[in-house]
Amino acid sequence: MSKPVKLSNASDYEAFLDKYDTFLIDCDGVIWLENIVIPNLREALSLLRKKGKNLLFVSNNSAKSRKGYKKKFEKLNIEIYDGEIFGSAYASAYYLKNIVKFPSDKKVYVVGNVGITEELESEGIRYAGAAEDVKFDSTDWTFANIKQDPEVGAVLCGFDININYLKYAKAYTYLHSNPGCLFLLTNDDPTFPAGGSIFPAGGTIAAPLITALGRNPDAVLGKPNKPMLDCIVQKLSLNPERTCMIGDRLSTDILFGINGNLGTLLVLTGVTEEKDILAENARIIPDYYISSLGDIAILNT
């Protein structure tokens, strides 16, 4: 297996940029680390735009909608334009509306938070669950409380800070009793880094449902899965041969690019280290790598 090319000088940088018109860019670990912007990042993004490159920020985090992400970009003083954000919550809503043609007379039962419900609303998709099932008093509850809503035609599961047994019970019942009910995940990441530690992510939230049902989801919308790229390609008329995925995780970002026949650039400001891609037994190899996306601005000077 060939080794990745390290971008280390201006000529490397120019040759790399000439190959692509569009860059899909992960957020956490590439643009920022929690609330700290990567050094020289703003200058690098500005330079890419000046060269006429199209930018799309692609995240697996379903806790935020496009509106929520835009607020974070603005809070961190990072230039962002409408249409430049494509998170797993929006990918899920777009997939339902435009790929599977979800019937307008049906609802989606949501295991998740406001990021998901805001995106479903943006696509005109009705939903149940989410915030309405947050309050759960186990001392005054019986299984008779689980009422079937015949309008529910899909269960969409993502990161849910308010997960409880009631949500699991309702989601399971819809999927178990109705073989035609779609089972979708915004993403299947098992963990995510925050506050100097690692915590359970969307894939972990969905694991009890997968175990109880004894079946896999019908689709997972986050990276590295193909349905997310299908949505991006359809919405933006993307040319994969002129598109590069930039990320810090091999198992999500880089594999997403490989699965979609995109170019791939790994940055070393997140979870992956240089030794991980140069090892003899390395299995996921990017086309290129760079210490930081901010280095693009430095290499151009």
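- As annotated in an unreviewed UniProt entry, the chain carries the name 4-nitrophenylphosphatase and is attributed to Rhizophagus irregularis.

Let's talk about the sheet that holds strand 8 (residues 126-129)
For step 1, the next point in the chain: Pairing in this open sheet of five strands is parallel, and the strands run 8-7-9-10-13 from one edge to the other. Because the sheet does not close on itself, it has two edges, and the strands there are strand 8 and strand 13 (219-220).
For step 2, the next point in the chain: Direction of pairing for strand 9 (residues 152-157) relative to strand 10 (residues 182-185): parallel, over a ladder of four bridges. Within strand 10, the position partnered with leucine 156 by the bridge is leucine 184.
For step 3, the next point in the chain: Against the sheet, helix 4 (residues 88-99) touches strand 7 (107-111), strand 9, strand 10 and strand 13, its axis set at about 150° to strand 10.
For step 4, the next point in the chain: Lying on the sheet, helix 5 (residues 114-122) is in contact with strand 7, strand 8 and strand 9; it crosses strand 7 at an angle near 160°.

Section: the domain arrangement of the chain
For step 1, the next point in the chain: Domains assigned within the chain are domain 1 (5-60 + 224-300) and domain 2 (90-220).
For step 2, the next point in the chain: Counting from both sides, the interface comprises 11 residues of domain 1 and, opposite them, 17 residues of domain 2.
For step 3, the next point in the chain: When domain 1 packs against domain 2, the two sides together hide about 1100 Å² of surface, and 52% of this comes from carbon and sulfur.
For step 4, the next point in the chain: Along the contact surface separating domain 1 from domain 2 lie zero salt bridges.
For step 5, the next point in the chain: Of all the elements, helix 8 (residues 226-236) adds the most residues to the side of domain 1 that touches domain 2, at five residues.
For step 6, the next point in the chain: Among the residues forming the side of domain 1 that touches domain 2, the class breakdown is three nonpolar, four polar and four charged.

Considering the sheet that holds strand 16 (residues 288-290)
For step 1, the next point in the chain: Across the sheet, which stays open at both edges, the seven strands sit in the order 1-16-15-14-2-5-6 with parallel pairing between neighbours. Both outer strands of the open sheet, strand 1 (5-6) and strand 6 (85-87), are each paired with one neighbouring strand and no more.
For step 2, the next point in the chain: By the bridge criterion, two bridges tie strand 1 to strand 16 in an arrangement that is parallel. Across the sheet, the residue bridging to lysine 6 is tyrosine 289, located in strand 16.
For step 3, the next point in the chain: Running over the sheet, helix 2 (residues 41-50) touches strand 2 (22-25) and strand 5 (54-59) and is turned about 135° from strand 5.
For step 4, the next point in the chain: Of the strands in this sheet, strand 5 and strand 6 are in contact with helix 3 (residues 66-75), which crosses strand 6 at around 125°.

Thresholds, definitions, all that
- Residues numbered from 1 in each chain as written.
- Predicted model: local features only at pLDDT ≥ 70, side-chain atom pairs only at ≥ 80, totals over all residues.
- Heavy atoms only, no water.
- Pairing = 2+ DSSP bridges.
- Helix = DSSP H or I, 4+ residues; strand = E, 2+ residues; numbered from the N terminus.
- Contact = heavy atoms within 4.5 Å.
- Axes fitted to C-alpha atoms, helices over the stretch in contact; angles between N-to-C directions.
- Domains from an automatic or database assignment.
- Buried area = accessible area lost by both parts, 1.4 Å probe.
- Salt bridge = Lys/Arg side-chain N within 4 Å of Asp/Glu carboxyl O.
- Nonpolar A, V, L, I, M, F, W, Y, C, P; charged D, E, K, R; others polar.

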